[in-house]
Amino acid sequence: MKVFEFDDYKEFVRKKLRDSNNKGHGQYSRIARDLNIHTSMVSQVFSGPKHLTFEQACRICKFFGFTELETDYFIALVQFERAGNQEAKEKCKRDIERLKNLSESLKDRLTKDVVLTEADNALFYSQWYYTATKLIASIQEYNSPERISEKLGVPLNLINKALEFLLSVGLCIEVDGKIKPGPANTHLGADSPLVGRHHQNWRVKGFEKMGTLTPSELFLTMPATLTEKDALLLRRKIVEFIDEFVKVIDKSKGEVLYCFNIDWFNVCK
């Protein structure tokens, strides 16, 4: 459910709360705390004649983890309801229509054969959770922004921003309101200037996990001396294992999200 599907911001909020995991129970209280107002005032807004102020509308957008475009649209809906004369309402209507059209144009960028621009690649590989969001969307339980945010431990507004990008370039698609990975895969050549950043992003995640290792996880650090010939032999075996590794992954149904890092390098200069 997207805010662009609604012309009434109150209707959107009521529907979004009803569709939440707890059917909206306790959500008005959370919103009231976030806006620093009494719960009864929240009820008077979303079930009565009162309207959000501009400042409150901005806080609500942050509460829901909106992207910048979603925020602009929601605030335009609020401003329309608060407009004091017909001229102001007409201006708000134009803004609402423009933002809705812009949201549609972003969806229309989806294609089956995706070639990312240099700028798109730079954004995609800028943070680990862009890749993680694309991958975890293949798991049935985690195909909504809220569940992805919860599972990855990343704020909802950042996940929404990542999804807006992933949907716009075709790396993810939306089917019946559910996020799914798109038909496009991504790969960086060894000579890409973004390879280093990609490796760093996921190794930082590895560092974070080392303190909470579970039986299903494994970290190995084993400095060793050996002949140059054996070093090359082991490298070939690692490459062979990676080929087998990829074959298993390609046939495996998505249930969990793991990250596999291999470091094999000459310590000496």
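None of these values were measured; they are calculated from a predicted model.

Caption draft 1: Inspection of the pairing of strand β1 (residues 172-175) at higher detail. As paired elements, β1 and strand β2 (residues 178-181) share 4 bridges and run antiparallel to each other. By the bridge assignment, V175 is partnered in β2 with K178. Hairpin connection, β1 to β2: the antiparallel pair is bridged by 2 residues, and D176 has positive phi, about 55 degrees.

Caption draft 2: Structural view of a nonpolar patch on the surface. Side chains of L226, L234, F241, I242, V246, F260, I262 and W264 sit close together on the surface and give an oily, nonpolar patch of about 650 Å² of accessible area. Classification of L234 as partly exposed rests on a relative accessible area of 34%.

Caption draft 3: Broad picture of the packing of aromatic side chains. Summed over the entire model, instances satisfying the criterion amount to 19 aromatic pairs. Summarising the aromatic geometry, the rings of F12 and F66 are spaced 5.8 Å apart at their centres and angled 50 degrees between planes, so their arrangement reads as tilted. Taken together, the positions of F12 in helix α1 (residues 9-18) and F66 in the loop between α4 (54-63) and α5 (68-82) put the pair 54 residues apart, joining distant regions of the chain. No difference in accessibility class separates F12 from F66, as the two residues are buried. Here a set of aromatic residues connected by ring pairs shows up, and it is made of F6, Y9, F12, Y28, F46, F63, F64, F66 and F74.

Caption draft 4: Representation of the packing of helix α8 (residues 128-136) against helix α11 (residues 195-209) within the structure. The geometry of α8 relative to α11 is characterised by a closest axis approach of 9 Å and an angle of 80 degrees between their N-to-C directions. In this view, α8 runs roughly perpendicular relative to α11, as classed from their interaxial angle. Here W128, T131 and A132 of α8 lie close against α11, whose contacting residues are H198, N201, W202 and K205. Among the residues making up the contact of α8 with α11, the classes are represented as 3 nonpolar, 3 polar and 1 charged.

Caption draft 5: Seen up close, helix α10 (residues 156-169). Counted at 1.5 Å a residue, the expected span for α10 with its 14 residues is 20 Å, and the 20 Å between its end C-alpha atoms agrees. Within α10, 10 of the 14 residues are buried, which leaves the element mostly enclosed by the surrounding structure. Burial in α10 covers these residues: L156, I159, N160, A162, L163, F165, L166, L167, S168 and V169. Within two residues after α10, G170 carries a phi angle of roughly 90 degrees, on the positive side.

Caption draft 6: Inspection of the pattern of salt bridges at higher detail. If you walk through the whole model with that rule in mind, you get 11 salt bridges. Across the pair D95 and K91 runs a salt bridge whose closest N-O atoms are separated by 2.6 Å. Residue D95 and its partner K91 are located together in helix α6 (residues 86-107), separated by 4 residues, close to a single helical turn. Relative accessible area serves as the criterion here: at 39%, K91 is assigned to the partly exposed category. Of the charged contacts in the structure, one is a salt bridge between K209 and E217, with a shortest N-O distance of 3.2 Å.

Caption draft 7: Broad picture of the packing of α8 against α10. Two numbers describe how α8 lies on α10: the axes approach to 10 Å, and their chain directions differ by 70 degrees. Taken together, α8 and α10 sit at an angle that is classed as roughly perpendicular. Along this stretch, α8 crosses α10, giving a crossing that reads as right-handed. Here Y129, Y130, T133 and K134 of α8 lie close against α10, whose contacting residues are L158, I159, K161, A162, L163, F165 and L166. Per-class residue counts for the contact of α8 with α10 are 8 nonpolar, 1 polar and 2 charged.

Caption draft 8: A look at the confidence of the model for the protein chain. Within the protein chain, residue pLDDT values average 85, and 90% of them lie at 70 or more. Predicted confidence for residues 108-113 stays below pLDDT 50, and this span has 9 contacts to residues more than four positions away or in other chains.

Caption draft 9: Expanded view of the state of the cysteines. Taken as a whole and judged by the stated rule, the model has 0 disulfides. C58 supplies the cysteine sulfur nearest to C61, a cysteine that is in no disulfide, at a spacing of 6.4 Å. The class of C61 is buried, set by a relative accessible area of 2%. Between C172, a free cysteine, and C259, which holds the nearest cysteine sulfur, the sulfur-to-sulfur gap is 17 Å.

Caption draft 10: A look at the side chain of S126. Structurally, S126 can be placed in the loop between α7 (118-124) and α8. Ignoring any residue separated from it by four or fewer positions in sequence, one finds S126 in contact with R197 and N201.

Calculation rules
- Residues numbered from 1 in each chain as written.
- Predicted model: local features only at pLDDT ≥ 70, side-chain atom pairs only at ≥ 80, totals over all residues.
- Heavy atoms only, no water.
- Pairing = 2+ DSSP bridges.
- Helix = DSSP H or I, 4+ residues; strand = E, 2+ residues; numbered from the N terminus.
- Patch = residues over 30% accessible without salt bridge, like charges linked within 9 Å, V, L, I, M, F, W, Y side chains within 5 Å.
- Areas by Shrake-Rupley, 256 points an atom, 1.4 Å probe, with all protein chains shown as cover.
- Salt bridge = Lys/Arg side-chain N within 4 Å of Asp/Glu carboxyl O.
- Buried < 20%, exposed > 50% of the residue type's maximum accessible area, 1.4 Å probe, protein only.
- Phe/Tyr/Trp six-rings, centres within 6.5 Å; stacked < 30°, edge-to-face > 60°.
- Axes fitted to C-alpha atoms, helices over the stretch in contact; angles between N-to-C directions.
- Parallel < 35°, antiparallel > 145°, perpendicular 65-115°, else oblique.
- Contact = heavy atoms within 4.5 Å.
- Nonpolar A, V, L, I, M, F, W, Y, C, P; charged D, E, K, R; others polar.
- Expected span 1.5 Å × (residues − 1).
- Left-handed = near helix turned anticlockwise from the far one by under 90°.
- pLDDT = per-residue confidence, 0-100.
- Disulfide = S-S within 2.5 Å.

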